[in-house]
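Overview (structure and organization)
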Amino acid sequence: MKDKITAYIQGMLAGESVDIKEDDDLLSTGLLDSISVMKLIAFLEEEFDVEVPADEMVIENFISVSAISDFLNSKK
Amino acid sequence: MISDKETQNTSSNKFPLTKSQESIWAGQQISGDHPLYNMAHTFALYGPIIPATFQKAFDKLIQHFDVLRYVFGTHPNGEPYQEILDEYHYEISVVDFSEKENKDSLIKELIDEKTGRNLDLSKPPFESFLIKMNEVEFIWFLNIHHIITDVTSIQLIYDKMSEYYHQLNQGDEIEEETKSSFASYIYFEQSSLKKDPPEKSVQHWNKLVRNQHTKTKLYGQDIKKSGSESVRVKVDLDVEVLKELNRLVNQPPFRSLNPDLSYYMLCSTFLVAYIHKITNDKIITIGSPSLNRQLPEFRNVAGLFIELLPFQVEVDPYDSLLTLYPKVRAAIFDFLKYSNPGSPNSEVSRKIGVVINYIPNKFSSFGSIPVNMNWIHPNHIDPSHVLRLQVNNFNDEDISIFMDINTSVFADHQVKQAPVHFQSLVSNLLTDQNKETGAIDILTSNEKDTLLKKCSSIQSELPRQKNILDLFRQAVIEYPSEYAIYGDEWQINYKTLDEKSNQLANHLTSQKIGKGDQVLIRMKRSPEFIIGVLATLKSGACYIPVPIDYPIKRLEMILLDVSPKLILSDKKHLFANSVPGYSQIQINLNEWEFDAIPNEFNSIGIPNNDPAYIMYTSGSTGKPKGVVISHGSLYNYVHSAYDYYFHSNGKIHAPLFTSIGFDLTITSLYLPLVSGGSIQVFEDDDSGHDLSILKVVENKKVNFIKLTPSHAKLISDIHLSHSNISTIILGGENLDSKLTQKLFQSFGKNIKIYNEYGPTEATVGCIVKDIKPDGLNKQSVPIGKPFAGAKAIILDDFNNLTPIGVPGELYVSGPGLANGYWNNEELSQKSFTKIDSQKDETYYKTGDLVRINDDFDFEYLGRIDQQLKIGGIRMEKEELESVLKQYNGIKDAVIHHFTPKKDHYQAPEQYCTKCGMPSNYPNIEYDEDGVCNYCQSFETYQKNVSQYFKSLEELQQLLKSASATSPCKYDCMMLLSGGKDSSYALAKLVDMGLNVLAYTLDNGYISDDAKRNIKTVVVNLGVDHMYDTTPHMNEIFVDSLKRFSNVCNGCFKTLYTLSTKKALELGVPVIVTGLSRGQFFETRLTEELFRKRQFEVADIDQTILDARKAYHRIPDAVSKYLDVSMFESDDIFKKIQFVDFYRFCDVNLGEMFSYLDKRLNWVRPKDTGRSTNCLINDLGIYIHRRERGYHNYAFPYSWDVRMGHKDKKEAIEELDDSINPEEMKSLLAEIGYPVENEEDQPQKQLVAYYISDKPVKSEKLKNYIAQFIPQSALPAKFIHTAEFPLNSNGKIDFRMLSHESKAFQIENEKYIAPENEIEEAIAEIWQEVMQKDSISMVTPFLELGGNSLLAIRIISRINENLYLSLKVTSIFENDTIRKLSKVIEVKIEELMRANDQ
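The structure reproduced in this document is the subject of the present report. (Residues numbered from 1 in each chain as written. Chains lettered and ligands numbered in written order. Predicted model: local features only at pLDDT ≥ 70, side-chain atom pairs only at ≥ 80, totals over all residues. Heavy atoms only, no water.)

1. Re the overall build of chain B
When you go through chain B residue by residue, the secondary structure sums to 47 helices and 45 strands. Taking the principal axes of its C-alpha atoms as reference, chain B extends roughly 135 × 100 × 75 Å. A total of 1397 residues make up chain B; the buried ones form 59% of that total. For chain B, restricting intrachain contacts to residue pairs at least 6 apart in sequence, the fraction spanning at least 24 positions comes to 73%. Carbon and sulfur atoms make up 48% of the accessible area of chain B, which amounts to about 58900 Å² in all. If you average the places of the 150 positive and of the 187 negative side-chain charges in chain B, the two averages end up 3 Å apart. (Helix = DSSP H or I, 4+ residues; strand = E, 2+ residues; numbered from the N terminus. Buried < 20%, exposed > 50% of the residue type's maximum accessible area, 1.4 Å probe, protein only. Contact = heavy atoms within 4.5 Å. Areas by Shrake-Rupley, 256 points an atom, 1.4 Å probe, with all protein chains shown as cover. Lys, Arg positive; Asp, Glu negative; His and termini not counted. Charge placed at Lys NZ, Arg CZ, Asp CG, Glu CD.)

Okay, structure coming up:
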């Protein structure tokens, strides 16, 4: 799951060159802006067949690849 | 990533503009020199600045950011381009104010001047300089055109400048780094645009456009006139409110991915709620820049990246912060999710009027020097933007909010109020997160005071110690011998009027009629009516005026409701025995019965609150409601009107020409009588078309008229400057400016025209506008200001006063208010209410939607309940209408919103007294004796018809001679359905000694009884019999139902086709049909055939034969499923003759039945419910009645009666079928005809009717309206019509309109008008025969529902009118009016040439 997420983020950011570790802060570093997070969420919903309610779109759930992965697992 | 190839392709430095750049470029072109796209900033630098180092840093800056070297130009074809200069040097000048005294004002002056100057796009469009305040304080001014920058870029440029200056200042080298290349983004966008955007994203933006209300009117202001001038005003939020805001961004449910996003979404929520409050709109669309820097490589690139995109929220007035925030959040998440570059269509951004700009820039120190940034507003904004909310978050938890307000749209007072309203709304929402938006009162108490002042009567309340009779009495004393009434027969002076009404009043008193009693007056407009009114009032009773053209049902409802003690009528309109139980007095000046009674009347004291009249108006429930008006209210209105319109001075001569049951007429009735003037009586016209207005304006005496705008339209084109009319009051309907202008033209500029508004419940008029000829710049004329002591306020759904400009419901109070509704306490309570905020006064809830405009005039916007609520959008009918009226060539337009009927059947109200033709048959008319138009015209050609029919001997001869030449053993084939007609015919043929083959088509639905009959008949007669069938009957039924709304046509054609084929195989020379004479007229014969001047039976036979040829060659289900190849050549029609038995046999029904019974044991079928023999026939009847509104047998039966083969009573009885809809539905399902679901409530439909010289294509109108109106609110149909029929109150009668225009309806898309006289003539004939009011020149005959019978009728008429001899088939060969006209043109030319020679 984490690999898929990382790969998507890299693809979205158009380059393997961006090295993303699973605990990297995606948000406050500006790596992902709000638009990117929304697109990522759309991807996650489709890919892992989950629904992310708007009020769960909060920092701690999306701060890093591992946070996202934990969050998704909790939804299943 | 960008490939090398792409880079190489543009060796030139010229690039196209990006989409966002294009829209800014276009905006700048339109606005000319206005600096609307200047992004000007000042950075106050609190430390020493070395100008040389600053210059060096700036040079580096220009090298780093390519956008600072962009220049713009246009290709010869007008396309804009941008070009990157390799090098560009910009000199940073230093303005030294260190020695100056008044620094602040000098700085402001300089900065305003620079910011207000448009940047030249042919040079790199930016300007920058330093201002030296003193040695340790400088101001850096940087102004960059939006076309090369955005908010993020400003931050990037600042940060870089700060970095460079700091490094240079420290003596460091500036390291080489990747340059900021906007050019690479241009490539990126172009390659993105080539890809199709994701489907979901396209759907999202399209849906948004559909719902977008383009004419969002903030404070009700029209945005059409918008320019770019704007001001920036600060929203003063309390410290406490800001604290709460800062707290909430980190609290659920408001916290989100980061605090900035939460600030942004919260402020957006405030804005959505605010726009809702000041527009009343439910769907709010807000534009916001999408940052659009998704690739990390663009994060540090300066340039114009942002795209302005909308998000859309549906607000409910019951939404609180807690319920609205999630809606806004969802909308913004969608907005973020779908903002792919280039995916939204450009329409999305174009319609944005309100923008939120959230700016989270952080300007930390400049190197080591502290800084203070200021964004300077250029006093212009994008002209399409009306309001922009700037939310600056420059340092954490230091939110400041500004409004950029487009001053070409907002009035001055709104510029002042807007930030106050916003501030008040925000603090309310934050203080109580559960408070409903609708319930929040955003007005300040000052504003309310002003509003209430504006809402009070411009006239002070008049003394009320008198009543209307006192005023009349005074006129009698002053002008006893002057004429008060001019009637058709009688002219009556004041003294006589007083005396006559006294006599009648005495009589009423003697009949025990007085206080507390009701007298219904049902009369024509006449002197007697006026006498009746005065007498009733004098007696102390109140009157109920009912015009003579009132529908009887309605009258009965009123009688039931009010139970009057007496009915006053005139001689002609005395009730017959229809309303027993009421005493009735008729008054007639020619036979005045009261002369014996004293002509003095001892007036009784009448308290103000006693009812004077009860006026019935239509109620929404369909039951009329009686509005009880007191003497006090009546006196108040009449006295105030005389005072307001005439300064209580001069004699008023008014026409009494509008309905007495309409309260508008009160003005014309009483103003003359209290002023010593006269009433000119124009009697009701019995014809129903009341055109007395045309006589009114020619009347020399009349100096004043009161009428509805619809009425006024009738005279607006007449030149009337010679008229004596000096004052016109218009009322009762919305008044448009066009009409008013025309009236000023007609009557000349000196005419006084007033627009008077008032519900019946507030006694005629309570708001009035004195219209000036030069003040008519709006679509509709405002209704003005309250008068006659009235107070008018506008409330929203939560009973808050709406801000000035914002629409809401009108409530009125004052001395004109009715006592209530007669006999309806519940409705009275509901409509006449007290409002908490307005102390103890009672207000009438008008149901009218109004607003106050910038002149503090009330504007009428429509009925609240007539607001079209489509897809959540509130839309005024009037708005749609006014948009339509502005279309070139459209003279007038109305919108009708209604629920279409599925079932068009209406039970007949009458039947022709001769033939029994029911009144629901299209275009049927009856004369005084109840005889229909068919019977009437039949008389004129009856002689010819009789020539068509022959004797049985002739038939015998015909059949014998045909079989003589035939080798076949059968002399003929008889089509036997098993019904009475064909059974009788078969027997008669056998009686003649013929060898007959009986042939039956089994369509799968022949009843068992009928089959039994068939068997009995053929056995009894000893003839050969055969059944034939096809597996495709169901397809044929469906096709027939679709084409003709019946099953018979399809069945008959199948029968003829199959039997012809069989006869051909067997060599049978003649096929005999058992069609009744009525059926001849239904299927073959037409009036036209017999109406000819030179009548020849042979001609008819030839015409019918031609028609048959065409009939068999029409492509339909029969030709698709059956073998019709034999009809291709004409031979078949020679080989096999068709003969109608009943052309040769004249027999009446009784004789037939007795014969059938005795000779054949034929039994009338019981299982089909009537004398037909087929179960599916019911289905045809059912569908025909639903879709066409009448019985498909009505026409043939009427001919059977006319031919003497059926009697009228029987025909009428047979038309009265009771059909079980459930059975029909399963039958429909069985044959495969689409069954509609009854449970589906039909959608309300929006239909636009318009008047213009030529019809306009629907498509064009749709596209035009779509510019102003959301797509979901577009009318479904545009109907061109000749006029708008009026009802007796002078208002538009939609029932009539839809009826009349049905004929006028056009298939707009295809409509092509006639181009020459021949086409016109032919079109007229087609239209008459096809019963359509307009047929396009190029629509094929069959598509119009043409068949051979209609072909015969059309060709016969053409031949008759143009002296031609076209064959019926020519209409199939040349199947449009245009083609047929060409042929005719050639024919006529040939004929003329022949004549010449």
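2. Thoughts on the sheet that holds strand S28 (residues 767-771) of chain B
Residue and element names in this part refer to chain B. Read from one edge to the other, the open sheet built from five strands follows the order S25-S26-S27-S28-S29, with strand pairing classed as mixed. Strands with a single pairing partner mark the edges of an open sheet, and in this sheet they are strand S25 (704-707) and strand S29 (785-786). The strands that helix H22 (residues 737-747) touches are strand S26 (727-731), strand S27 (752-757) and S28; relative to S27, the one it contacts most, it runs at about 150 degrees. (Pairing = 2+ DSSP bridges. Axes fitted to C-alpha atoms, helices over the stretch in contact; angles between N-to-C directions.)

3. Overview of unusual backbone geometry
Residue and element names in this part refer to chain B. With omega at 0 degrees, the peptide bond leading from Pro252 into Pro253 counts as cis. Secondary-structure assignment places Pro253 in the loop between helix H8 (239-248) and helix H9 (259-279). Unlike most non-glycine residues, Lys512 shows phi in positive territory, near 65 degrees. Inspection of the secondary structure puts Lys512 in the loop between helix H15 (494-510) and strand S17 (518-523). Taking relative accessible area as the criterion, Lys512 reaches 65% and is therefore assigned exposed. In this structure, Ala788 takes a positive phi of about 55 degrees despite not being glycine. Within the secondary structure, Ala788 sits in the loop between S29 and strand S30 (791-795). Classification of Ala788 by relative accessible area gives buried; the value is 5%.

4. Observations concerning the interface of chain B and chain A
Counting from both sides, the interface comprises 22 residues of chain B and, opposite them, 25 residues of chain A. Each partner contributes to the roughly 1900 Å² buried at the junction of chain B and chain A, and carbon and sulfur atoms together form 60% of this total. Of all residues in chain B, Arg255, Leu257 and Lys337 of chain B give up the largest surface area on contact with chain A, accounting jointly for 33% of the area buried on that side. On inspection of chain B and its partner chain A, the count reaches one salt bridge. Here Arg255 of chain B ties to Glu60 of chain A by a salt bridge, and the two come within 2.8 Å at their closest N and O atoms. Joining chain B to chain A, the criterion identifies four residue pairs in polar contact (both at pLDDT 80 or more). For the side of chain B that touches chain A, the per-class residue count stands at nine nonpolar, seven polar and six charged. (Buried area = accessible area lost by both parts, 1.4 Å probe. Salt bridge = Lys/Arg side-chain N within 4 Å of Asp/Glu carboxyl O. Polar contact = N/O pair within 3.5 Å; in protein donor to acceptor, adjacent residues only side chain to side chain. Nonpolar A, V, L, I, M, F, W, Y, C, P; charged D, E, K, R; others polar.)

5. Things to note about the state of the cysteines
Two cysteines, two sulfur atoms, one covalent bond between them: this is a disulfide. Residue and element names in this part refer to chain B. One pass over the full model with this rule turns up zero disulfides over all chains. Residue Cys915 stays outside any disulfide, its sulfur separated by 3.6 Å from that of Cys935, the closest cysteine. Judged by its relative accessible area of 1%, Cys915 is buried. (Disulfide = S-S within 2.5 Å.)

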